[in-house]
Amino acid sequence: MKVFVVLVGISNREEISSFLPLFGHPQVSGGVVITPLAVDFGGTIAGLVTDKVESSDTIAQLADQAKGDYILWVDAKKSLHVFPEALERSLSVAQDCGASIVYADYEERALTDYELGSVRDNFDLGPFLFLHRERLKDILARERRGYRLAGLYDARLKLSRLGPIVHLREPLGQERSAKDYDKEKFSYLEATNEAYQRELEHAFTEHLKAIGAYLAPEYEPLPYDHDLYPVEASIIIPVKNRASTIGDALRSALSQKASFPFNIIVVDNHSTDGTSQILDEQAHKNSNLIVLRPERTDLNIGGCWNLAVRSPHCGRWAVQLDSDDLYAHEGVLSMIVHMLSGGDYAMVIGSYTLVDMKGRILPPGIITHREWTEENGRNNALRVEGFGAPRAFRTQILRNMPFPNVSYGEDYAVALRISRFYRIGRIFESIYFCRRWEGNSDARLTPERVNEFNAYKDRIRTIEIMARQRLNERRRERN
């Protein structure tokens, strides 16, 4: 069995030095360095000059010309070094498992396992990709789409349908530099990436169609709401130990102007830092501020939301406000309720601006999620990081589709489930200030914590994809 080496992200001869042992390995049949500029790498190492490194045409050309059973794809922008045993180990495992792709951990950090829902384009596949050449050649010969930027992502999705993607929980390479998780999290929203994102969305949509999980833009009618509500809307604020920010959040909620009755439901989740005293003082002054204190001690953010929504105090519409965030102006609640009550939406999501504690705008600024469309938003939502904020719901729907009792991804999970059946409305102007500070639940995340969060969202995607596959099967049977 032979391996063909493809090295990308190289711009000069010095950068190739740490990867030279790969080309001299006895199981390597040949290789190529893909570079945007013509460079003489010396010896027998060939260069392929193109600035379309991950295009469908480039991937197909490599699959056709490669002399070997597998292609070892190494991105030097991510990987500083690939260990000598990586080739033999990956080849052995690929043969044993019939794998379409094998990937491994970095020496510096472990990665997450690949599953059905690992469909985000920024899924970290480690220091190298070990690709089954014949399968790659076959799928590109039959289904090549001509992507200029998303060819490798498209190939990954297609290969996943032909055989397993196997994660070696072993360090087989060195990472070039630590990842900037905040920058990566919002990269798909940047205007400079718009063309790339369109291609990624198209490739992913075709993947959903191929696996029977694509949902056409046809929605279930909203169920008739028989419930009685004490007010029209409730602002929901789960909180634990936010004495430094809860006062600002309460003032923002209490300042809302509306032509309908509303209340604020705060779930004080066993705070010990003075938050409870602040809440009691404000509740004494404001009759529409209700403080709930759960008896249970195991509730996370999702569980606190469920407690608030299922309480007899909750209004017809349940509207998000995090304990360290603010509404942009006093008309936000009215704007959201007007959209919810005036359309056939089960949920409405606004846009927000990232700011520091002094109100100064932080990169990337306004988060609008304009990638969302009525036609394909609920499909593409399975690929991207989230839905946006603030989120507002028909309480009746939320009572029947509760949040998972976690403190990360709970909103993503429930929004995916709602979107499976019902329309979601969007407000594309910023109506919310998401304040970043050292006390945020996602501040200063360790790589292990990032893995935990990413793995949870991937599992949520897996569950949702399986649910949509079953939904489509039932619809086909009825027809």
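These figures come from a predicted structure and were not determined experimentally.

Colleague: Where do I start with helix H5 (residues 151-160) in this structure?
Modeller: In an α-helix, one full turn covers 3.6 residues, which means residues spaced three or four apart are oriented alike. Buried residues dominate H5, accounting for nine of its 10 residues. Where H5 is concerned, the buried positions are Gly-151, Leu-152, Tyr-153, Asp-154, Ala-155, Arg-156, Leu-157, Lys-158 and Leu-159.

Colleague: Would you mind showing me how to read the nonpolar core here?
Modeller: One recurring pattern in soluble globular proteins is that nonpolar side chains are buried together. Among the nonpolar cores identified, the biggest contains 77 residues, and Val-6, Trp-73, Leu-136, Phe-387 and Ile-418 are the most heavily contacted of them. Among the elements that take part in this core, helix H14 (residues 410-421) stands out by supplying seven residues, more than any other.

Colleague: Just to check I follow, could you spell out the packing of helix H2 (residues 56-65) against helix H4 (residues 133-143) for this structure?
Modeller: A packed helix pair is summarised by two numbers, namely the angle formed by the two axes and the spacing between the axes. Close contact between H2 and H4 brings their axes to 9 Å; oriented N to C, the two are set at 130 degrees. Put simply, H2 runs oblique to H4. Two packed elements cross with a definite hand, and for H2 against H4 that hand is left-handed. Together, Ile-59, Ala-60, Ala-63 and Asp-64 of H2 and Arg-133, Leu-136, Lys-137 and Leu-140 of H4 make up the contact between the two elements.

Colleague: Where do I start with the pattern of salt bridges in this structure?
Modeller: A side chain of one charge can pair with a side chain of the opposite charge if their charged atoms are brought near each other. Under the criterion given, the structure shown has 32 salt bridges. In this structure, Asp-225 engages Arg-316 in a salt bridge whose closest nitrogen and oxygen atoms are separated by 3.7 Å. A residue pair is termed long-range when its members are at least 10 positions apart, and Asp-225 in the loop between helix H7 (194-210) and strand E10 (233-239) and Arg-316 in the loop between helix H10 (301-310) and strand E13 (317-320) qualify at 91 residues. Between Asp-356 and Arg-360 there is a salt bridge, and its shortest N-O distance comes to 2.7 Å. According to the relative accessible area criterion, Asp-356 is buried, its value standing at 13%.

The rules behind the values
- Residues numbered from 1 in each chain as written.
- Predicted model: local features only at pLDDT ≥ 70, side-chain atom pairs only at ≥ 80, totals over all residues.
- Heavy atoms only, no water.
- Buried < 20%, exposed > 50% of the residue type's maximum accessible area, 1.4 Å probe, protein only.
- Helix = DSSP H or I, 4+ residues; strand = E, 2+ residues; numbered from the N terminus.
- Core = buried A, V, L, I, M, F, W, Y, C linked by side-chain atoms within 4.5 Å.
- Axes fitted to C-alpha atoms, helices over the stretch in contact; angles between N-to-C directions.
- Parallel < 35°, antiparallel > 145°, perpendicular 65-115°, else oblique.
- Left-handed = near helix turned anticlockwise from the far one by under 90°.
- Contact = heavy atoms within 4.5 Å.
- Salt bridge = Lys/Arg side-chain N within 4 Å of Asp/Glu carboxyl O.

All quantities given are derived from atomic positions and should not be read as evidence of function.
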